[in-house]
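Breakdown of the fold
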Amino acid sequence: MRLLVHNLLMCNKCDKNNYPLKIEVNKSVIMELEFKKDAILKLIPKLDFEVLSNTVRELGFKQFPKQIPPNVEQDLAFLKDLHRVLFETHIMDGQLTCPNPSCKRNYPITNGIPNMILTEDEQ
């Protein structure tokens, strides 16, 4: 699962306070991809950057910025870091947990795929 996907997922069981899901990583890998500046620039407005930044920092990348730099189009180092975080970092094993205290539903990540399917009694 890429962190780009995590930026979009929410709990399927509850409908309040269900985003962002907490992430626990047991195994991750870096899979290098070609950097495409234009693609990253088009994606930035669609991101919940605060959630992304908090997640990345919680995972141990403390130097990741809390905000998008002012002249982002010219900040090649930031764009490459963002590319690495969004596209090259793959969570292979772990779990996602609903942040709602009354829910706390866990969704396993196995072989890089988050299982977001609810059981019959949860629907």
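Notes on the structure in this doc start here. The model shown is predicted, which means the values in this text are computed figures rather than measured ones.

**Concerning the packing of aromatic side chains**
Applying the stated criterion to the full structure yields three aromatic pairs. Plain terms: the ring middles of F49 and F78 are 6.0 Å apart, the flat faces sit at 55° to each other, and that makes the pair tilted. Of this pair, F49 sits in helix 3 (residues 49–58) while F78 sits in helix 4 (residues 76–88), and the two are 29 residues apart along the sequence. Three or more aromatic residues joined by ring pairs form one cluster here, namely F49, F64 and F78.

**A short note on the nonpolar core**
Formed by 31 residues in total, the largest nonpolar core has its most connected members in L52, L82, L86 and L96. The set of elements that each furnish at least two residues to this core consists of helix 1 (3–6), helix 2 (37–43), helix 3, helix 4, strand 2 (89–97) and strand 3 (106–110). Examining the composition of this core, we find that six residues originate from one element, helix 4, more than from any other. For L52, the contacting residues outside a window of four places in its chain are L3, N7, L47, L82, V85 and L86.

**So, the sheet that holds strand 2**
Spatial ordering of the open sheet is given by 1-2-3-4, a layout of four strands whose pairing is antiparallel. Looking at the sheet topology across the chains shown, the edges are occupied by strand 1 (22–30) and strand 4 (113–114). Pairing geometry for strand 1 and strand 2, over eight bridges, is antiparallel. Paired with K22 across the strands is T97, a residue of strand 2. In this fold helix 4 packs onto strand 1 and strand 2, with an angle of close to 65° to the strand it touches most, strand 2.

**Focus: the environment of N71**
As for its placement among the helices and strands, N71 is situated in the loop between helix 3 and helix 4. For the pair formed by N71 and S28, sequence separation is 43 residues and the distance between their alpha carbons is 31 Å.

Parameters and conventions
Residues numbered from 1 in each chain as written. Predicted model: local features only at pLDDT ≥ 70, side-chain atom pairs only at ≥ 80, totals over all residues. Heavy atoms only, no water. Phe/Tyr/Trp six-rings, centres within 6.5 Å; stacked < 30°, edge-to-face > 60°. Helix = DSSP H or I, 4+ residues; strand = E, 2+ residues; numbered from the N terminus. Core = buried A, V, L, I, M, F, W, Y, C linked by side-chain atoms within 4.5 Å. Buried < 20%, exposed > 50% of the residue type's maximum accessible area, 1.4 Å probe, protein only. Contact = heavy atoms within 4.5 Å. Pairing = 2+ DSSP bridges. Axes fitted to C-alpha atoms, helices over the stretch in contact; angles between N-to-C directions.

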